[in-house]
Amino acid sequence: RRPLLNFGHTFGHSIEKCSGYSLHHGQAVAMGMCIAAAGGVAMDMCGEDTFNTIRGAVRAYGLPERCEYDEQRVFDAMLADKKRAGDSLVLILPEKTGSCVRVKLPLDKAHDVLHAGMERSGKER
């Protein structure tokens, strides 16, 4: 169950840092959840239905879903995350609604997930 508690946090903490901590923690984590879910779809770890469910929940609570910060700045902030181990980073990504897994990725692949997540989560569906 622990991975589920960390869902959205790696991206969220980086977004918080980019905001100069002007965003509330929950707002940044909500954006991080949307990025993680969109990245999960891009990696074929979960389906579009999972992304839509997560994004719908974020919307239902009036939380932000799109990260407006520069992708490279967000990634640079991710490099300081406590889940980084040398040239890899552990991300928590969904398999389906209510189920997440820890995925250890090389930094370039973690950046690919961020890119796909920011691009997809920023588009209207």
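Treat the numbers as computed from the prediction; the structure is a model and nothing was measured.

Q: Looking at this structure, I do not really get the overall build of the protein. What am I missing?
A: The helix and strand inventory of the protein stands at six helices and three strands. Seen in sequence order, the protein has helices and strands lined up from the N terminus as α-α-α-α-α-β-β-β-α. Relative to the 2.2 N^0.38 estimate, which gives 14 Å for 125 residues, the radius of gyration of the protein is 13 Å and therefore close to what a compact globule would have. Taken along the three principal axes of its C-alpha coordinates, the protein extends 35 × 30 × 25 Å. By the burial criterion, 47% of the 125 residues in the protein qualify as buried. Across the protein, the fraction of contacts at a sequence separation of at least 24, relative to all contacts at a separation of at least 6, is 61%. Total accessible area computed for the protein in this model is approximately 6,400 Å², and 51% of it derives from carbon and sulfur atoms. Across the protein, the mean location of the 17 positive side-chain charges is 6 Å away from that of the 16 negative side-chain charges.

Q: Can you help me understand the nonpolar core in this one?
A: One recurring pattern in soluble globular proteins is that nonpolar side chains are buried together. Grouped together as the largest cluster of nonpolar side chains are 33 residues, with contacts concentrated most on Phe11, Ile15, Met78, Leu91 and Leu114. Among the secondary structure elements, those contributing two or more residues to this core are α2 (9-18), α3 (25-42), α4 (48-60), α5 (71-78), β2 (88-96), β3 (99-106) and α6 (107-121). Top element by residues in this core is α3. It accounts for seven residues.

Q: Before we go on, may I ask you to explain the pattern of salt bridges in this structure?
A: Two side chains carrying opposite charge are able to pair once their charged atoms lie near each other. The full count for this structure, using the stated rule, is three salt bridges. A salt bridge links Glu65 to Arg55; the shortest N-O distance between them is 2.5 Å. In this pair, Glu65 sits in the loop between α4 and α5 while Arg55 sits in helix α4, placing the two residues ten residues apart along the sequence. Across the pair, exposure class does not vary: Glu65 and Arg55 are buried alike. Connected through salt bridges with shared partners, the residues Arg55, Arg59 and Glu65 form a single ionic network.

Q: Please clarify how the pairing of β3 should be interpreted in this entry.
A: Along any regular strand, the residues point their side chains to alternate faces of the sheet. For β2 and β3, the ladder comprises eight bridges, and the chain directions are antiparallel. Across the sheet, the residue bridging to Leu91 is Val103, located in β3. Connecting β2 to the antiparallel partner β3 that follows it, the hairpin turn spans two residues, and Gly98 within it adopts a positive phi of roughly 90°.

The rules we used
- Residues numbered from 1 in each chain as written.
- Predicted model: local features only at pLDDT ≥ 70, side-chain atom pairs only at ≥ 80, totals over all residues.
- Heavy atoms only, no water.
- Helix = DSSP H or I, 4+ residues; strand = E, 2+ residues; numbered from the N terminus.
- Rg over C-alpha atoms; globule rule 2.2 N^0.38 Å.
- Buried < 20%, exposed > 50% of the residue type's maximum accessible area, 1.4 Å probe, protein only.
- Contact = heavy atoms within 4.5 Å.
- Areas by Shrake-Rupley, 256 points an atom, 1.4 Å probe, with all protein chains shown as cover.
- Lys, Arg positive; Asp, Glu negative; His and termini not counted.
- Charge placed at Lys NZ, Arg CZ, Asp CG, Glu CD.
- Core = buried A, V, L, I, M, F, W, Y, C linked by side-chain atoms within 4.5 Å.
- Salt bridge = Lys/Arg side-chain N within 4 Å of Asp/Glu carboxyl O.
- Pairing = 2+ DSSP bridges.

Nothing here speaks to function; it is all geometry.
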